[in-house]
Amino acid sequence: MSLVFLRVWLLLAPVAAFYLPGVAPHEYLDNEKVEIKVNKLSSTKTQLPYDYYSLPFCRPAEVVNKMENLGEVLHGSVIKNSAYDISMGKIEFRVLCKRTLEPAEATLLHTRIRQDYRVHMIMDNLPAATKMIRELPDGQTIVMYDRGYPLGFVGSAERQGSVPGGAYLHNHLRFVLKYHKDAAFDGARIVGFEVEPLSVKHKYKGAWSDDASQLQLLTLPVGPDLPPLRVDPKGSAAEREVVYTYDVKWEPSDVKWASRWDLYLYMGDDQIHWFSIINSLAIVLLLTGIVAMIMMRTLRRDVSRYNSPEDKDDLAEESGWKLVHADVFRPPQQPILLSASLGTGMQLLAMAVVSIGCAMLGFLSPANRGGLLTATLLT
């Protein structure tokens, strides 16, 4: 009877659960500042990451590193603060800064654009994503996302206002920020961070002024129909002038904070290096086949020798595979090296098992950047 009562009590007892993603949700109040951090530049062509401020972008008054753990450092992340000033729920257009590129800076920017580099940003622990609409062979269209946004594009006949072969910089960013509100908490939670990059050759009336109230831009509202900004290292100083701008758009969303990472499951495959994967698989299969052929030939020769009636007299002496049982109890020549190798292998195996187990239980969430590498090192 007591056992039945215990089972019923366990079924009816309230259960308290908690979530361990490495971060906690943050509720933003109206007009509260929302920080945007910049990360590294990456490319699938060169595989070489670069610091965001290695290119002539607008800098804040003081550049501060924002890395939080050892895993981010090992992953190659270079997270720093930015000059973007965004407030919760405030829709606005802002001029970030104006820069006249030196010929060396223009050359570097031109090279990075042609190398298909992407810029990565982080807001409220969410990486920036660029929306893409792709058409399937059956005519249907699907919405996909890529991490970061392209630094620029190479002109072509299909691009309106561009010169084929020219490099064009995305100097205007449109931040589409999605938030979720609920009666269970005050404020709003950010559940989406999308970036729409545009290339615009900004023009202004009169002299340049850092005061936005006195600056009169002639390229408003910003849209894809405006002439793009070409990066020409051989151009004049006026042609190498870059005006960085951005605008913010807030959209309500039904996506809850716990499900905001589901968007990144539909990412494109730009980070999947198919050539490296196929090359590695081919090498593994080739080596496995060579070892298997050697073992099969040796085993077949020994078996045929054991079954040969002509070699019955020679079977009194053990040979071939039968010598293995004698090697089991033979002491190794380097016992210290053998024990160290076995201990290191068992430690690596235990590290992999524990790390995978923690990831399966939800202790290592993708929201915690570098958490997997940090846990692997500490295991």
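Refer to the structure presented above.
Residues numbered from 1 in each chain as written. Predicted model: local features only at pLDDT ≥ 70, side-chain atom pairs only at ≥ 80, totals over all residues. Heavy atoms only, no water.

Enquirer: I tried to follow the side chain of Ser 77 on my own but got confused; where do I start?
Expert: When you line up the elements, Ser 77 lands in the loop between helix H2 (70-75) and strand S3 (80-81). You can call Ser 77 buried: its relative accessible area is 9%. (Helix = DSSP H or I, 4+ residues; strand = E, 2+ residues; numbered from the N terminus. Buried < 20%, exposed > 50% of the residue type's maximum accessible area, 1.4 Å probe, protein only.)

Enquirer: How should the pairing of strand S8 (residues 129-135) be read in this particular structure?
Expert: Taken residue by residue, a regular strand's side chains alternate between the two faces of the sheet. One ladder, built from seven bridges, connects S8 with strand S9 (residues 141-147); its direction is antiparallel. By the bridge assignment for S9, Lys 131 is matched with Tyr 145. The hairpin turn running from S8 into S9, its antiparallel successor, is five residues long, and Gly 139 in that turn takes a positive phi close to 95 degrees. (Pairing = 2+ DSSP bridges.)

Enquirer: Whenever I open this one, helix H3 (residues 103-114) confuses me. Can you help?
Expert: For an α-helix, 3.6 residues make a turn, and residues three or four places apart therefore share a direction. When the terminal C-alpha atoms of H3 are compared, their 17 Å separation across 12 residues agrees well with the 16 Å that a helix rising 1.5 Å per residue should span. When H3 is considered as a whole, its buried residues turn out to be Ala 106, Leu 109, Arg 112 and Ile 113. Down the axis of H3, the smallest arc covering the buried residues is 130 degrees, so these residues share one side. Taken together, the buried residues of H3 touch strand S11 (152-154) and strand S12 (167-169). Immediately downstream of H3, the backbone of Asp 116 shows phi near 60 degrees, a positive value. (Expected span 1.5 Å × (residues − 1). Arc of directions from axis to C-beta. Contact = heavy atoms within 4.5 Å.)

Enquirer: What's the story with the state of the cysteines in this structure? I'm lost.
Expert: Note on terminology: a disulfide is the covalent bond linking the sulfur atoms of two cysteines. Inspection of the entire model under this criterion finds one disulfide. The disulfide bridge from Cys 58 ends at Cys 97, spanning 1.7 Å between sulfur atoms. Between Cys 58 and Cys 97, the S-S torsion sits near -80 degrees, and that sign places the bridge as left-handed. Of this pair, Cys 58 sits in the loop between strand S2 (36-42) and H2 while Cys 97 sits in strand S5 (residues 92-100), and the two are 39 residues apart along the sequence. (Disulfide = S-S within 2.5 Å.)

Enquirer: Whenever I open this one, the packing of aromatic side chains confuses me. Can you help?
Expert: What the rule picks out here adds up to 11 aromatic pairs. Taken together, a centroid distance of 5.2 Å and an interplanar angle of 10 degrees make the contact between Phe 153 and Tyr 168 stacked. Of this pair, Phe 153 sits in strand S11 while Tyr 168 sits in strand S12; the two residues are 15 residues apart in sequence, bridging distant segments of the chain. Aromatic ring contacts, followed pair by pair, group Tyr 52, Tyr 53, Phe 57 and Tyr 244 into a single cluster. Positioned above the aromatic ring of Tyr 117, the side-chain terminus of Arg 112 is 5.6 Å from the ring centre. Above the plane of the ring of Phe 185 lies Arg 189, whose end atom (NZ or CZ) is 4.0 Å from the centre. (Phe/Tyr/Trp six-rings, centres within 6.5 Å; stacked < 30°, edge-to-face > 60°. Lys NZ or Arg CZ within 6 Å of the ring centre and 35° of its normal.)

Enquirer: Explanation requested: a nonpolar patch on the surface in the structure shown.
Expert: Together, Met 67, Leu 70, Val 73, Leu 74, Leu 373 and Leu 377 make up an exposed nonpolar region whose accessible area comes to about 520 Å². Among the elements of the structure, H2 and helix H7 (371-378) are those that each provide at least two residues to the nonpolar patch. Take Leu 74: it is sitting in helix H2. (Patch = residues over 30% accessible without salt bridge, like charges linked within 9 Å, V, L, I, M, F, W, Y side chains within 5 Å. Areas by Shrake-Rupley, 256 points an atom, 1.4 Å probe, with all protein chains shown as cover. Salt bridge = Lys/Arg side-chain N within 4 Å of Asp/Glu carboxyl O.)

Enquirer: I keep staring at the pattern of salt bridges and nothing clicks. Help me out?
Expert: A side chain of one charge can pair with a side chain of the opposite charge when the charged atoms of the two come close. Within this structure, the stated rule accounts for 11 salt bridges. Among the ionic pairs, Arg 260 bridges to Asp 124, the shortest N-O distance being 2.9 Å. Taken together, the residues span a long stretch of sequence, with Arg 260 in the loop between strand S17 (241-252) and helix H4 (274-307) and Asp 124 in the loop between strand S6 (118-123) and strand S7 (126-127) at a distance of 136 residues. Considered together, Arg 260 and Asp 124 belong to a single accessibility category, that of buried residues. Residue Lys 249 pairs with Glu 251 through a salt bridge whose shortest N-O separation is 3.4 Å. The class for Lys 249 is partly exposed, based on a relative accessible area of 40%. Here the salt bridges do not stand alone but share partners, grouping Asp 85, Glu 92 and Arg 94 into one network.

So, to be careful, I would describe these as geometric facts and stop short of saying anything about function.
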